[in-house]
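Observations on chain architecture
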Amino acid sequence: MFQADSRFMQAAMVEAQKAYLIGEVPIGAVVVHNGAIVGRGHNLREHLNDGTAHAEILAIEEACQALHSWRLIDCSLYVTIEPCLMCAGAIINSRIDNVCFGSRDPKAGATKSLYAVLEDSRLNHQVNVVEGLLGNEASQIMKDFFKAARKKRKNRAGNS
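Just so you know, these numbers come straight off a predicted model, no measurement behind them. (Residues numbered from 1 in each chain as written. Predicted model: local features only at pLDDT ≥ 70, side-chain atom pairs only at ≥ 80, totals over all residues. Heavy atoms only, no water.)

Focus on the UniProt feature "active site" (unreviewed entry) in the protein chain
Cross-referencing UniProt, the feature "active site" (unreviewed entry) maps to Glu 56 in the present numbering. Here Glu 56 shows up in helix H3 (residues 55-67). Excluding residues within four positions of it along the chain, Glu 56 makes contact with Ala 29, Leu 77, Val 79, Ile 81, Pro 83, Cys 84 and Cys 87. (UniProt positions renumbered as here; feature names shortened; annotations may be inferred. Helix = DSSP H or I, 4+ residues; strand = E, 2+ residues; numbered from the N terminus. Contact = heavy atoms within 4.5 Å.)

Some thoughts on the pairing of strand E1 (residues 28-33)
With respect to burial, E1 is a largely interior element, 6 of its 6 residues being buried. Residue alternation in E1 divides its side chains into two sets, Gly 28, Val 30 and Val 32 and Ala 29, Val 31 and His 33, and both sets are buried. Bridge count between E1 and strand E2 (residues 36-42): 6 bridges; the pairing is antiparallel. Looking across to E2, one finds that His 33 is bridged to Ala 36. In this structure, the hairpin formed by E1 and E2 is closed by a connection of 2 residues, where Asn 34 is found at a positive phi of approximately 50°. With 5 bridges joining them, E1 and strand E3 (residues 75-81) adopt antiparallel strand pairing. Counted as the bridge partner of Ala 29 is Val 79 from E3. (Buried < 20%, exposed > 50% of the residue type's maximum accessible area, 1.4 Å probe, protein only. Pairing = 2+ DSSP bridges.)

A look at a positive patch on the surface
Judged by side-chain charge, Lys 147, Arg 150, Lys 151, Lys 152, Arg 153 and Arg 156 come together as a positively charged surface patch. Within the secondary structure, Arg 153 is located in helix H5 (residues 135-158). (Patch = residues over 30% accessible without salt bridge, like charges linked within 9 Å, V, L, I, M, F, W, Y side chains within 5 Å. Areas by Shrake-Rupley, 256 points an atom, 1.4 Å probe, with all protein chains shown as cover. Salt bridge = Lys/Arg side-chain N within 4 Å of Asp/Glu carboxyl O. Lys, Arg positive; Asp, Glu negative; His and termini not counted. Charge placed at Lys NZ, Arg CZ, Asp CG, Glu CD.)

Considering unusual backbone geometry
The phi torsion at Asn 34 lies on the positive side, around 50°, for a residue other than glycine. As for its position among the elements, Asn 34 is in the loop between E1 and E2. You can call Asn 34 exposed: its relative accessible area is 68%. Here His 68, not a glycine, exhibits a phi torsion of approximately 55°, which is positive. The residue His 68 is located in the loop between H3 and E3 in this model.

As structure tokens, then:
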């Protein structure tokens, strides 16, 4: 079992902050191999007009390029918010060994909240999952983002 490392989750938080600053939902992810970050990503759905441009997907794509393989064996993914079904599928299909996420996603989480896809023994690959590392910080940046978004919408509606 891998040891969740706060410096890698902190790197994922930096990615989430990048998303926040450009108006994207603030989720960040990093892929780690042999103690080094080989992939980074933050949500870019709005900027790329691409529903698949989630932090995890972008980090996985970068890691595959860095390691010259679609198989991310001996890799760990650190992500600020619990992965959704799409991202859980990508994690399984890329053979990532470990996932550490900060905070649960009660509306879309596919690793603990709504489903336990990553640990499902019916699938051809299972993933070790650890949750809660920097969970309060990951949750807070999401709350701040959506609070600001609601305020912005309210202000626009009031000025119409």
